[in-house]
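Here are the chains, one letter per residue:
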Amino acid sequence: MTLTPRIEAAMARAITIGQARVAGAPPGLASALDYAVTPGGARIRPTICLSVAMACGDDIPEMSDAAASALELIHCASLVHDDMPCFDDADLRRGKPAVHKAYGEPLALLTGDSLIVLAFEVLAREAHRDPRRSADLVVHLAQRTGMPGGICAGQGWESEEKIDLRAYHMAKTGALFMAATQMGAIAAGQDPEPWEELGARIGEAFQVADDLRDALLDTEALGKPAAQDVAHGRPSAVTELGVDGAIRRLKDILSGAIASIPSCPGEAALAQMVNKTAERLVPTQAAARAAR
Ligand code: FPP
Ligand code: MG
């Protein structure tokens, strides 16, 4: 079953809150908010979040939708900031000009800021349905976004002379995948702890798939600048292991991910989702080599 309509509806509801609540909001910034989140990329984090919530019963669907959209808002915010000249200085994102190219740097900075704030508002607005779950989601998302172990910390490693590679990957890429599985569990009223490993493993697999895509696809196919790992001297599974080695690593991580799914009513469907997500992420050349 595709979760796309549910995810897009939740994202549209969230953006409407950010754009239209106060009459007289600056139109340029209101438009930039929408530009930054639509059309989306693979929406992989909200897909994982909703899949886990559904595997755990999804007894308050509005809470699961809030968790999924808040997570995606943070991801979109981080990409807006990541593309800015002070970080990667990238002109293209999802096949169109990056926000700072389309709207200028001041509005790009404010777009990221507004999306972050909106994410937490979306979660807090569900407190009337279940105050405990709403508060837990806010705290969890804050921890996975900020310091010391969230995506801000991950980005912060790029300003250090010596990088702790494991901490860098866990924070920069892993944090929002761990948030995806754990926020899905929290939204459905379950203990998030047993869901951390699945998120960490999916995050690791995503990192390797991303390295393969960066190395094997061109800018047009990627919708963003290609070959950036070499250009920025960033660590990559492809430079470390070669293409075939990276593919082997990816397959190992994925089977570990599936094995780590906690027992729950929707276990089988969740395993299927993990496999499908991986298929969508791996470039076809790499998939063909892996099948050999
Ligand atoms: C993309 O990485 C960027 C991230 C995974 C996180 C970036 C985080 C920040 C800029 C910190 C600010 C955080 C918030 C919440 C605004 P990449 O450059 O490896 O991938 P790419 O090729 O898609 O650009
Ligand atoms: Mg970048």
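Preceding this section is the structure that the text describes.
Figured I'd write up the structure that's included with this text. Note that the structure is a prediction, hence the values are computed from the model and not measured.

Side note on the overall build of the protein
- Check the secondary structure of the protein and you find 15 helices and two strands.
- Since a compact globule built from 292 residues should have a radius of gyration of about 19 Å, the 18 Å found for the protein is in line with a globular shape.
- If you line up the protein on its principal axes, its C-alpha atoms span 55 × 50 × 35 Å.
- A total of 292 residues make up the protein; the buried ones form 51% of that total.
- The long-range fraction of contacts in the protein, counting pairs at least 24 apart against all pairs at least 6 apart in sequence, stands at 68%.
- Placing the 28 positive and 38 negative side-chain charges of the protein at their respective mean positions leaves the two points 3 Å apart.

A word on the packing of aromatic side chains
- The full count for this structure, using the stated rule, is two aromatic pairs.
- Between Tyr35 and Tyr103, the aromatic rings sit 5.3 Å apart at their centres with planes inclined by 75°, giving edge-to-face as the arrangement. Separated by 68 residues along the polypeptide, Tyr35 in helix H2 (residues 27-37) and Tyr103 in helix H5 (residues 99-103) bring together distant segments of the chain.
- Seen in terms of ring centroids, Phe177 and Phe206 are 4.9 Å apart; in terms of plane orientation they differ by 40°. Their pairing is tilted. One end of the pair, Phe177, is in helix H9 (residues 165-187); the other, Phe206, is in helix H10 (residues 196-216), with 29 residues separating them in the sequence. As far as burial versus exposure is concerned, Phe177 and Phe206 are alike and both buried.

Considering the coordination of the magnesium ion (ligand 2)
- Taken together, Asp82 (OD) and Asp88 (OD) make up the full set of protein donors to the magnesium ion (ligand 2), lying 2.0 to 2.1 Å away. No difference in accessibility class separates Asp82 from Asp88, as the two residues are buried.

Some details on empty space enclosed by the protein
- As enumerated under the stated definition, the model contains two cavities of 30 Å³ or more in all.
- Empty space within the largest cavity amounts to approximately 110 Å³.
- Those elements that provide at least two residues to the lining of the largest cavity are H2, helix H4 (61-82) and strand E2 (96-97).
- The element contributing the most residues to the lining of the largest cavity is H4, with three residues.
- By volume, the second largest cavity amounts to about 90 Å³.
- As for the second largest cavity, its lining consists of Ile48, Ile202, Ala205, Phe206, Ala209, Leu250, Leu254, Met273, Val274, Thr277, Ala278 and Leu281.
- Going through the elements one at a time, H10, helix H13 (237-259) and helix H14 (267-281) are the ones with two or more residues in the lining of the second largest cavity.

Remarks on the environment of Ala42
- Of note, Ala42 is situated in the loop between H2 and helix H3 (44-55).
- For the pair formed by Ala42 and Pro235, sequence separation is 193 residues and the distance between their alpha carbons is 23 Å.
- Ala42 has contacts with Thr47 and Arg280, leaving out every residue within four places of it along the chain.

Observations regarding the side chain of Lys96
- Counting through the fold element by element, Lys96 comes out in strand E2.
- The buried charged residue Lys96 lacks any salt bridge, with Asp34 as its nearest oppositely charged partner at 7.2 Å.
- A polar side-chain atom of Lys96 sits 2.9 Å from the main-chain carbonyl oxygen of Tyr35.

A short note on the layout of surface pockets
- Counted as a void, the largest pocket has a volume near 1,300 Å³.
- Residue lining of the largest pocket: 50 residues in total, with His75, Leu79, Asp82, Arg93 and Lys224 positioned closest to the centre.
- Counting only elements with at least two residues in the lining of the largest pocket, the list comes to H3, H4, strand E1 (92-93), helix H8 (151-157), H9, H10, helix H12 (228-231) and H14.
- Residue contributions to the lining of the largest pocket peak at eight residues, all from H4.

Quick notes on the site of ligand 1
- Near ligand 1 lie 15 residues; those nearest to it are Asp82, Asp88, Arg93, Lys172 and Lys224.
- Within the contact set of ligand 1, an oxygen atom lies 3.3 Å away from a side-chain nitrogen or oxygen of Lys172.
- One of the side-chain nitrogen or oxygen atoms of Lys224 is found 2.7 Å away from an oxygen atom of ligand 1.
- Relative to its unbound accessible surface of 630 Å², ligand 1 loses 87% to contact with the protein.
- The cavity that encloses ligand 1 is the largest pocket.
- Those elements that place two or more of their residues in the shell around ligand 1 are H4 and H8.
- Of the residues in the shell around ligand 1, the class split is five nonpolar, four polar and six charged.

The rules behind each value
- Residues numbered from 1 in each chain as written.
- Chains lettered and ligands numbered in written order.
- Predicted model: local features only at pLDDT ≥ 70, side-chain atom pairs only at ≥ 80, totals over all residues.
- Heavy atoms only, no water.
- Helix = DSSP H or I, 4+ residues; strand = E, 2+ residues; numbered from the N terminus.
- Rg over C-alpha atoms; globule rule 2.2 N^0.38 Å.
- Buried < 20%, exposed > 50% of the residue type's maximum accessible area, 1.4 Å probe, protein only.
- Contact = heavy atoms within 4.5 Å.
- Lys, Arg positive; Asp, Glu negative; His and termini not counted.
- Charge placed at Lys NZ, Arg CZ, Asp CG, Glu CD.
- Phe/Tyr/Trp six-rings, centres within 6.5 Å; stacked < 30°, edge-to-face > 60°.
- Donors = N, O, S within 2.8 Å, 3.2 Å for Na, K, Ca; no water.
- 1 Å grid on protein atoms, 1.4 Å probe; cavity = no way out; pocket = protein on both sides within 12 Å on 5 of 7 lines; lining within 4 Å.
- Points joined across faces, edges and corners; volume = space filled by probe spheres on them.
- Salt bridge = Lys/Arg side-chain N within 4 Å of Asp/Glu carboxyl O.
- Polar contact = N/O pair within 3.5 Å; in protein donor to acceptor, adjacent residues only side chain to side chain.
- Near = heavy atom within 4 Å.
- Areas by Shrake-Rupley, 256 points an atom, 1.4 Å probe, with all protein chains shown as cover.
- Sits in = over half its atoms within 2 Å of the grid points.
- Nonpolar A, V, L, I, M, F, W, Y, C, P; charged D, E, K, R; others polar.

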